[in-house]
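Residues per chain, in single letters:
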Amino acid sequence: MRRAVAVGTGVGHYPVPLVTRVFSGIQPSGALHLGNLLGAVRNWVVDQHEADSFFCVVDLHALTTPQDPAALRAATVGLAQLLMACGLDPEVCTLFVQSQVAAHTELAWLMECTVSFGELRRMTQFKDKSDRSDFVSAALFTYPALMAADILLYDTDRVPVGDDQRQHLELTRDVAIRFNSRYGDTFVVPEAVIPKAGARVMDLQSPTNKMSKSLDSPQGTIGVLDDLEQIDKKIKRAVTDTDGEVRFDPSNKPGVSNLLSILAACTGRTPEQTAEGYSQYGPLKSDTAAAVVEVLTPIQQRYRELAGDPAETARLLALGADKAAAVAGPVLQRARAAIGLLPRA
Ligand code: AQP
């Protein structure tokens, strides 16, 4: 699709980079947890060296549920620092805050005009989140249109995400294809990249639910910045089952399978290979706890260094926003022209 766009049919010729583009985002809606790290952020750290990568703290998405303004500002800076502590290097990738690049909201409107009500109504994340909320904003419903805009603005080829975002990515593709077929080739149609291990880290206490920032489950969630001793205890108290067999079988053994997935993601193996080394739950839990602590220890150390310098973080994010805007601006203009908005004289 990128090459089809590069020759330009609908809105003329325009330059499209020949390197692979990667885009992904994360909400500053709560503490970064092990699921976010293993499902998404760890893969971004690798991607930044292999592709032209854009990573975004999606604060506008966080606004879909009510936020305290001061807490949101602090969470946005803190999340950017934590992403850097995890290994994102603003000199290698483009790291920025969504609301600092105005093109996101403008393209989101064009996406809302392209996606159908029925498509948005089928999004399972809306159903889950609206069921748990007292106040359901209109933006929670239209969230996937903003997400499509985020991705399409960067001529993105690949979107590394956890498994929970699969449906939103499919919708982004559908919207891009519809826009291109109505108005001429405008957007690159992106693909989701979902990791083999760690794509859906489950809650340690209710392992049929995904680990989530907004689910109130302190014992079931491992925060990346949690105290390391507490993490060890949480993993050792994780819910398993009574049959005593270590086997990767997410439907029948969700707790044990979750531990195997976490250990596999931390050690670069598959959950099935990992299961072969264990006949009891105790050693599996101890090794999983040790592997998680080993992954998180250097991240926590680096975060403590970065957290002391918010002004430097703000400077790096401003540079990131400038780099992002320079790419997003021409794509937005392409979309405006394609859909028939009058250019300014
Ligand atoms: N449990 C998970 N396992 C693997 N990957 C996960 N991701 C989220 N939860 C898990 C991935 O993390 C990236 C950033 O997620 P997000 O901040 O955009 O929001 P989300 O998907 O809705 O994640 P949360 O933690 O559940 O946040 P809240 O509760 O605020 O909605 C995405 O790539 C996601 O797939």
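Residues numbered from 1 in each chain as written. Predicted model: local features only at pLDDT ≥ 70, side-chain atom pairs only at ≥ 80, totals over all residues. Heavy atoms only, no water.

Q: How would you sum up the side chain of T76? Please name residues and give values.
A: Examined against the element boundaries, T76 turns out to sit in helix α4 (residues 69–86). At 2.7 Å, the side chain of T76 and the backbone oxygen of L72 are in polar contact. In this structure, T76 is in contact with P28, V57, D59 and V97, ignoring residues within four places of it in sequence. (Helix = DSSP H or I, 4+ residues; strand = E, 2+ residues; numbered from the N terminus. Polar contact = N/O pair within 3.5 Å; in protein donor to acceptor, adjacent residues only side chain to side chain. Contact = heavy atoms within 4.5 Å.)

Q: Now, about unusual backbone geometry: what can you tell me, with residues and values included?
A: Residues apart from glycine generally show negative phi values, whereas peptide bonds are mostly found in trans. Look at D155: it is not a glycine, yet its phi comes out positive at around 50°. Inspection of the secondary structure puts D155 in the loop between α8 (138–152) and β4 (158–160). Looking at D155, the relative accessible area reads 3%, which means it is buried. (Buried < 20%, exposed > 50% of the residue type's maximum accessible area, 1.4 Å probe, protein only.)

Q: Residue-level account of the pairing of strand β3 (residues 94–97), with values.
A: The side-chain alternation of β3 yields two buried faces, one formed by T94 and F96 and the other by L95 and V97. Bridging between strand β2 (residues 52–57) and β3 involves four bridges; their strand directions are parallel. Bridged to V57 within β3 is V97. (Pairing = 2+ DSSP bridges.)

Q: Any chance you could break down the site of the ligand for me, citing the residues and the numbers?
A: Taken together, 24 residues form the shell around the ligand, and within it H33, K129, D164, K213 and S214 come nearest. In the model, an oxygen atom of the ligand is placed 3.0 Å from a nitrogen or oxygen of the Q165 side chain. Protein chains shield 97% of the accessible area of the ligand, which is 640 Å² for the free molecule. At the level of secondary structure, the elements contributing two or more residues to the shell around the ligand comprise β1 (21–26), α2 (34–50) and α7 (124–131). Among the elements that make up the shell around the ligand, the one with the highest residue count is α2 (four residues). Looking at the shell around the ligand residue by residue, the classes come out as six nonpolar, 13 polar and five charged. (Near = heavy atom within 4 Å. Areas by Shrake-Rupley, 256 points an atom, 1.4 Å probe, with all protein chains shown as cover. Nonpolar A, V, L, I, M, F, W, Y, C, P; charged D, E, K, R; others polar.)

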